[in-house]
Amino acid sequence: MYLYPLLVVIAASSYGVVSTIIKLAMRSGFSVSEAVTSQFFIGFCIAVGIFLLTNRTKLSLNGVKILIFAGVLTGLTNILYGRSLNYLPASLAVVLLFQFTWIGMLISCITKRQFPSRIELISLIILVAGTIPAAGLIDVGLSQIPFQGWLWGLAAALCYSLFLFVNGRATASMTTSNRLVLISFFAFMMSAVFQSPEIIWNGTLFNEGLWIYGLALGLFGMIIPVFLFTIAVPKVGLGMSSILSAIELPIAVMVSVILLSETVTALQIVGIVTIILGMSLPAMLDRNGLLRKNKISKHNAKNQSNMPGELKKHIS
């Protein structure tokens, strides 16, 4: 009941570390474009290493079309988010990216052709309510924000939501490490087209120390989240995965306080607690129902095991 939701939380938490690592890279004199390119290049190299160590079969291309979309969406999310930072304060850019929570729920409702449950709606409202104070957006003036900033930020949120949706689709006859290699490859190709591929051959990546940040970004921004989302999202569902992924914002705030010595206000702490409450609400309210279902299933299985063989065969 808790394993797959926990994997989603860990994956989203790793994404929350990425913005702080990029800021550390910028303090060392590297640009956002260079940091993002190093993220996907080293992430792809790690994915290839994992595949070679864990698989004795050849790389499978079955269902590669959907993985192309997953890789492209991963790259686009980072590119669009970087573009939004050119026009927006960091706090507002995070809030706009955070809109993937309700966008993901909307995509889930459209694809399943059903409305979200009451618990999911209440949780979503609480999450949105906690977003603004958690990001420290109360004191930010919005009147001078260019339209392009809003557009890039919401586009990044849409791509992130679509990535969760596509990555949750099962691919037959393909291992998780196989999926990871293909997704990371297409994500790197996307970043190479729009970012700074020259860092690979001009010495910036390995001679100037960018690889240290690229290694951290590759692990937390590519390998861990894609690997865990691939396993967990099909089990948890897109709507609930979007809610659980809200942990990304509190983690981003807390890591920036620890590593960047940024200050956090009491209002931000209230917002973070509100987000965590909104995330936990579905599990807390639905716990009794899930346990009751498990007991009923065990009871039915026990009764069936006591049936005569012919009757059991007829039921099956």
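As a reminder, the structure under discussion sits directly above these lines.
Residues numbered from 1 in each chain as written. Predicted model: local features only at pLDDT ≥ 70, side-chain atom pairs only at ≥ 80, totals over all residues. Heavy atoms only, no water.

*Asks:* Lay out the overall build of the chain with the relevant residues and their values.
*Replies:* From N to C terminus, the chain includes 14 helices and 0 strands. The N-to-C order of helical and strand elements in the chain reads α-α-α-α-α-α-α-α-α-α-α-α-α-α. Every one of the 316 residues in the chain was classed for burial, and the buried ones make up 49%. Per element, the accessible surface of the chain, about 16,100 Å² overall, is 67% carbon and sulfur. (Helix = DSSP H or I, 4+ residues; strand = E, 2+ residues; numbered from the N terminus. Buried < 20%, exposed > 50% of the residue type's maximum accessible area, 1.4 Å probe, protein only. Areas by Shrake-Rupley, 256 points an atom, 1.4 Å probe, with all protein chains shown as cover.)

*Asks:* Please set out a nonpolar patch on the surface residue by residue, giving values where relevant.
*Replies:* Together, Phe206, Trp211, Ile212, Leu215, Leu219 and Phe220 line one region of the surface with nonpolar side chains, adding up to about 530 Å² of accessible area. The element best represented in the nonpolar patch is helix α10 (residues 210-236), accounting for 5 residues. Structurally, the position occupied by isoleucine 212 is in helix α10. (Patch = residues over 30% accessible without salt bridge, like charges linked within 9 Å, V, L, I, M, F, W, Y side chains within 5 Å. Salt bridge = Lys/Arg side-chain N within 4 Å of Asp/Glu carboxyl O.)

*Asks:* Which residues make up the packing of aromatic side chains, and what are the values?
*Replies:* This model, assessed by the stated rule, comprises 10 aromatic pairs. Between phenylalanine 185 and phenylalanine 186 the ring centres are 5.2 Å apart and the planes differ by 70°, which places this aromatic pair in the edge-to-face class. Feature note: the residues Tyr15, Phe100, Tyr160, Phe163 and Phe229 constitute an aromatic cluster, connected by ring pairs. (Phe/Tyr/Trp six-rings, centres within 6.5 Å; stacked < 30°, edge-to-face > 60°.)

*Asks:* Summarise the nonpolar core; cite the residues concerned and give the values.
*Replies:* Ranked by size, the top nonpolar core spans 80 residues in total, and within it Tyr160, Phe163, Met222, Phe229 and Ile275 carry the most contacts. Counting residues per element, this core draws most heavily on helix α1 (residues 3-27), at 11 residues. What isoleucine 275 contacts, discounting residues up to four positions off in sequence, is Phe98, Leu127, Gly130, Thr131, Ala134, Ala246, Leu249 and Pro250. (Core = buried A, V, L, I, M, F, W, Y, C linked by side-chain atoms within 4.5 Å. Contact = heavy atoms within 4.5 Å.)

*Asks:* Which residues make up the side chain of glutamine 195, and what values go with them?
*Replies:* For glutamine 195, the location among the structural elements is in the loop between α8 (176-194) and α9 (204-207). Exposure remark for glutamine 195: the relative accessible area of 18% places this residue in the buried category. At 3.3 Å, the side chain of glutamine 195 forms a polar contact with the side chain of serine 33. Setting aside residues up to four positions removed in sequence, glutamine 195 forms contacts with Ser33, Val36, Thr37 and Ile79. (Polar contact = N/O pair within 3.5 Å; in protein donor to acceptor, adjacent residues only side chain to side chain.)

*Asks:* Could you give me a rundown of the environment of valine 94, with the residues and numbers involved?
*Replies:* Here valine 94 shows up in helix α4 (residues 90-97). Residue class for valine 94 comes out partly exposed when judged on its relative accessible area of 22%. C-alpha of valine 94 to C-alpha of serine 84: the two residues are 10 residues apart in sequence and 9.6 Å apart in space. Once residues lying within four places of it in the same chain are set aside, the contact partners of valine 94 are Tyr81 and Leu249.

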